[in-house]
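Analysis of the macromolecular model
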Amino acid sequence: MAGLNNCSGYSSKDGSDLRSFSNALYQKVGTWKRKERQFSMSGLSAYQKEEGEGVNPILRQPDADEPLIFSGSNSDKDELAVRRCIVEETRDTDQIRKRSRHAYLQGRKEKKLLEIEQKVRDHENLFEGAKLSQAEEMDLMYLRNICEIAKKPLEGDYTGGYKMPDAYDLDGAINQEKRFSVAKRASTNTEAVQMMNTFSAQEAWEAQQIGKSIYKFGSQDRNKTCDYSYILEDQIDSVKGSVLNGNKEPNRVEKDRKLRKALPIYSYREKLLQAVKEHQVVIIVGETGSGKTTQIPQFLHEAGYTKHGMVACTQPRRIAAMSVAARVSKEMGVKLGHEVGYSIRFEDCTSEKTIIKYMTDGMLLREFLTEPDLGSYSVVIVDEAHERTLSTDVIFGLIKDLGRFRTDLKILISSATLDAEKFSNYFDLAPIFTIPGRQFPVEIHYAKAPEPDYVCAAMKMVLQIHLRQPPGDILVFLTGQEEIEVVDEKLRDLTRGLGTKIGELVICPIYANLPNELQAKVFEPTPEGARKVVLATNIAEASVTIDGIKYVVDPGFCKIKTYNPHTGMESLLVNRISKASAKQRAGRSGRTGPGKCFRLYTEYEYEHDLEDNAVPEMQRTNLANVVLTLKSLGIHDLVNFDFMEPPPSEALLQALEQLFALNALNVKGELTKTGRRMAELPLEPMLSKMVVASDKYKCSDEIITIAAMLSIGNSVFYRPKGKEVQADNARRNFNAGTFGDHLALLNVYNSWKWTSFSTQWCYENYIQVRSMRRARDIRDQLEALVKRAEIEITSNLNDLNAIRKAITSGFFLHAAKLQMHGSYRALRNHQTINIHPSSVLAQELPPRWVVFHNLVLTTREYMRQVTEINPKWLLDIAPHYYQLKDVDGPKTKKMPHSQGKSRISH
DNA sequence: GAGCACTGC
């Protein structure tokens, strides 16, 4: 019951138990409502009369330590105005909700329900009359339970827990246990609510539910007149949990900025240098604000480590590398690019004088290719190691190996979290050095009960904070663009017209695909008297820092890319965040002053359902590129390569197979000449194979454009809300005379080039300038590298067949054949797939043979970026992979759809 | 006729 004593919303100060308290509370609310109806003719004055009686317990029940902003005399008037507005707006809310994720989930749920019901029937038929084993009975009961749960509407469906997506495992099959675990847990909840007495959060929830039912009993006609209660009455109760340690005092901030010596790390200087002197590898745990990234390289320089080589410090992000380098060069009083520099893709800001070099981790990996012993470095610092990016993990393996014969090389691994033990074990029990951070304290509040719909809950929470908490900006973490747009629209609707009655809400969305000029709004200072609400994706967790955030709303979800090596399919799934992420998110509120973090999940869920750390990227990605890099570094035994956490062996094998098929590896698993050329290019292997092959077809100019356009991904076309039709029309202009998306992308780039890279042209055609500039950068880089690899740049724009052949050379593994009903069958694994509706070819008569760039799993399995090919090319280009019967079997001539028996030999 | 988190070379 410890949690209850801390609860901030309804805590009873006289010690009476929660149930009777909430009971009384709801009765009070009921009275209040009835009175309001009585006085509806002059509602406002009725309020003023009642002032002082505690008429509105929800807003008038202040926390002991939490002053209300409504303490002034106008509070009830203001609040009434808010409610009035909400009454009016609720009429529209239903419609908005229909378009929201909510409705989307409901639709999917219904589909699923039909499937499950059929399954139950099947089961029942199968086992009719037979005696069931206990396990079978459990199974059946469990399916029935799911049916029951699925039948309930989403709104108010407290039994359903969080809405979780289907769980896919790396081994290909859908993991049924994982998939239904949420439902399973929920079903036990409904059947035996009494069983949930093991933890306080659940108890509190139960008490609240009982309180609600009592309240309903007393006001049956509530739905007719009291729609406005939607937001405030159904408020989210939170329990105050732990406080993230903070040791920073507000008045010291300014001083700290000026005094390097005031940073916490400074007092550890001598000890740290001693540790580095005695050990080759040192693990540094430094919390945010400890100054480790800026100070440690300077310490090492002062201690003389730069006499025999540079100090390298890797960062996972470009911006971090640039900005830290700029700050350090300022501190040292040297010009950026001289003694202190940075090195990122497209930009090498270093010189011969450089002794401290900040760089992205991918860049250090590239340096391994040109200088395998890292001879020009004396110290390598791997910063932000806890993020476990693909490059960081590969660097770990390489540098651990390198350290064995370069004993003079010092290695520092710096991480923000407490999984330092893992790092230490990996690096042969390297000593761990802990430096305290300097941050403001952050109060953590947990939800008292699980929230069924986190989008809706987040919205309520924002309004609650806005009404109840002192000024300060709010940061809300959502999973994607769609959610952000829904919440944005709904919040705008709800607060429209409040104007002067209540502080204005300035709503700023931010996600990576949002055009720059719209992103900039987030960083503008909040107007006087207003409150900024930032709706962000994970971008705000580490990549973007917004000043002035005082409150964080954390629903506890994010989208994570998963990869299935069997089908070669990747999918973005909404998933729980890790404890480390939750901590990081909370910390975003304590940057400029003490903050508060409202987690929309219970403390129990935090403790038991969240993993400590996110799954490293290595475990959930296509490894072809990693394997190619390692092979070109001369590492042949990949199975025994010392990964910190080895990737799944299937993924490794699949990557080897793919590289073999692409002719990058020979039968012995050694790198071929083609493979060596491919490794030079900063592209995925299939794309780099395409580029290498373009030499043969004399169309390298076009192919590198296509490769650049494909590697910027899906952010070329911009489709603003409300202008979808115009955007789609503009997009269609590029499709004329093409055989598919690849050539359409080529058209886009060339058209832009012919307008001399006009920004205006991009706006007119609903194309994202930022992405196009990036494509141009990549294209320029590729052009230089291709020339260095002695591939001649030749343009052959008129011979579209040559271009398509070159594409096929890279993507023959991704070939598919039309079946009946317009779906396709992948030649590699006979999987049924479809053309993505956004593709050029989705508009036209489906071609019989295609190659595609990648597969995504959303509602169905879709191919994105599809181009028509001639099946004979497959035989010409990949005779080692395809045989005549694969593309031209005797049966296929008459019955093109019954080709299932043909087999692919490797 | 569907909806793509974030990086990096």
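Here's a quick rundown of the structure. (Residues numbered from 1 in each chain as written. Chains lettered and ligands numbered in written order. Predicted model: local features only at pLDDT ≥ 70, side-chain atom pairs only at ≥ 80, totals over all residues. Heavy atoms only, no water.)

Digging into the protein's contact with DNA strand B
- For DNA strand B, the set of nearby residues contains 29 residues, the closest of which are Arg318, Arg345, Ala512, Arg719 and Thr858.
- Near the protein, within 4 Å, the atoms of DNA strand B are sugar or phosphate in 58% of cases.
- Backbone polar atom of glutamine 481 to a phosphate oxygen of DNA strand B: 3.4 Å apart, as the coordinates give it.
- In this structure, threonine 859 approaches DNA strand B through a side-chain N or O atom, which is 2.9 Å from a phosphate oxygen.
- Where the surface near DNA strand B is concerned, the elements lending two or more residues are helix 16 (361-370), strand 15 (557-564) and strand 22 (861-868).
- Element by element, the count of residues in the surface near DNA strand B is highest for helix 16, at 3 residues.
- When its residues are assigned to classes, the surface near DNA strand B shows 10 nonpolar, 10 polar and 9 charged. (Near = heavy atom within 4 Å. Polar contact = N/O pair within 3.5 Å; in protein donor to acceptor, adjacent residues only side chain to side chain. Helix = DSSP H or I, 4+ residues; strand = E, 2+ residues; numbered from the N terminus. Nonpolar A, V, L, I, M, F, W, Y, C, P; charged D, E, K, R; others polar.)

What to know about the pattern of salt bridges
- Within this structure, the stated rule accounts for 22 salt bridges.
- Residue arginine 269 is joined to glutamate 270 by a salt bridge in which the shortest nitrogen-to-oxygen separation is 3.0 Å.
- On the accessibility criterion, glutamate 270 (52% relative accessible area) is exposed.
- One salt bridge connects arginine 779 with glutamate 783, and the closest N-O pair in it is separated by 2.6 Å. Within this pair, arginine 779 and its partner glutamate 783 are both found in helix 33 (residues 769-788), separated by 4 residues, close to a single helical turn.
- Of the residues examined, arginine 779 reaches a relative accessible area of 7% and is grouped as buried.
- The network of salt bridges with shared partners includes Arg388, Asp393, Lys422 and Glu645. (Salt bridge = Lys/Arg side-chain N within 4 Å of Asp/Glu carboxyl O. Buried < 20%, exposed > 50% of the residue type's maximum accessible area, 1.4 Å probe, protein only.)

Concerning the sheet that holds strand 8 (residues 410-415)
- Spatial ordering of the open sheet is given by 5-4-6-3-7-8-2-9, a layout of 8 strands whose pairing is mixed. Unpaired on one side and paired on the other, strand 5 (347-349) and strand 9 (432-435) mark the two borders of the sheet. Looking at each pair of strands side by side, their axes are set apart by 20° on average, direction ignored.
- With 4 bridges connecting them, strand 7 (residues 377-382) and strand 8 associate as parallel partners. Bridge pairing in strand 8 places isoleucine 381 opposite leucine 412.
- Sheet strands in contact with helix 15 (residues 318-332) are strand 3 (310-315), strand 4 (340-344), strand 5 and strand 6 (356-360), and its direction is about 170° off that of strand 4. (Pairing = 2+ DSSP bridges. Axes fitted to C-alpha atoms, helices over the stretch in contact; angles between N-to-C directions. Contact = heavy atoms within 4.5 Å.)

Comments concerning the pairing of strand 13 (residues 531-536)
- For strand 13, the buried fraction is high: 6 of the 6 residues fall into the buried class.
- Here strand 13 shows a buried face lined by Arg531, Val533 and Leu535 and a second buried face lined by Lys532, Val534 and Ala536.
- When strand 11 (residues 473-477) meets strand 13, the two strands line up parallel, connected through 4 bridges. Residue isoleucine 474 lies in a different strand from strand 13, and its bridge partner there is valine 533.
- As paired strands, strand 12 (residues 505-510) and strand 13 are joined by 6 bridges and run parallel to one another. From the neighbouring strand, isoleucine 507 faces strand 13, where its bridge partner is valine 533.

Some remarks on the packing of aromatic side chains
- Tallied over the full model, the rule gives 15 aromatic pairs.
- Between tyrosine 426 and phenylalanine 427 the ring centres are 4.9 Å apart and the planes differ by 80°, which places this aromatic pair in the edge-to-face class. Residues tyrosine 426 and phenylalanine 427 agree in their burial class; the two are buried.
- Ring geometry for tyrosine 454 versus phenylalanine 557: centroids 4.6 Å apart, planes at 25°, classification stacked. Placement of tyrosine 454 in helix 19 (residues 454-468) and of phenylalanine 557 in strand 15 is noted, with a sequence separation of 103 residues between them. For the pair shown, tyrosine 454 and phenylalanine 557 are each scored as buried.
- Three or more aromatic residues link up through ring pairs in this structure, and these residues are Phe396, Phe423, Tyr426 and Phe427.
- The lysine or arginine in question, lysine 400, covers the ring of tyrosine 426, its NZ or CZ lying 4.3 Å from the ring centre.
- One cation-aromatic arrangement involves arginine 776 over phenylalanine 757; the distance from NZ or CZ to the ring centre is 4.7 Å. (Phe/Tyr/Trp six-rings, centres within 6.5 Å; stacked < 30°, edge-to-face > 60°. Lys NZ or Arg CZ within 6 Å of the ring centre and 35° of its normal.)

Comments concerning the packing of helix 29 (residues 700-711) against helix 34 (residues 800-811)
- One can describe the packing of helix 29 onto helix 34 by two numbers: an axis separation of 10 Å at closest approach and a directional angle of 50°. By the angle class used here, helix 29 and helix 34 are oblique. Crossing angle aside, the handedness with which helix 29 passes helix 34 is right-handed. In contact with Glu702, Ile703 and Ile706 of helix 29, helix 34 contributes Ile803, Ala806 and Ile807.
- Considering only residue class, the contact of helix 29 with helix 34 consists of 5 nonpolar, no polar and 1 charged. (Parallel < 35°, antiparallel > 145°, perpendicular 65-115°, else oblique. Left-handed = near helix turned anticlockwise from the far one by under 90°.)

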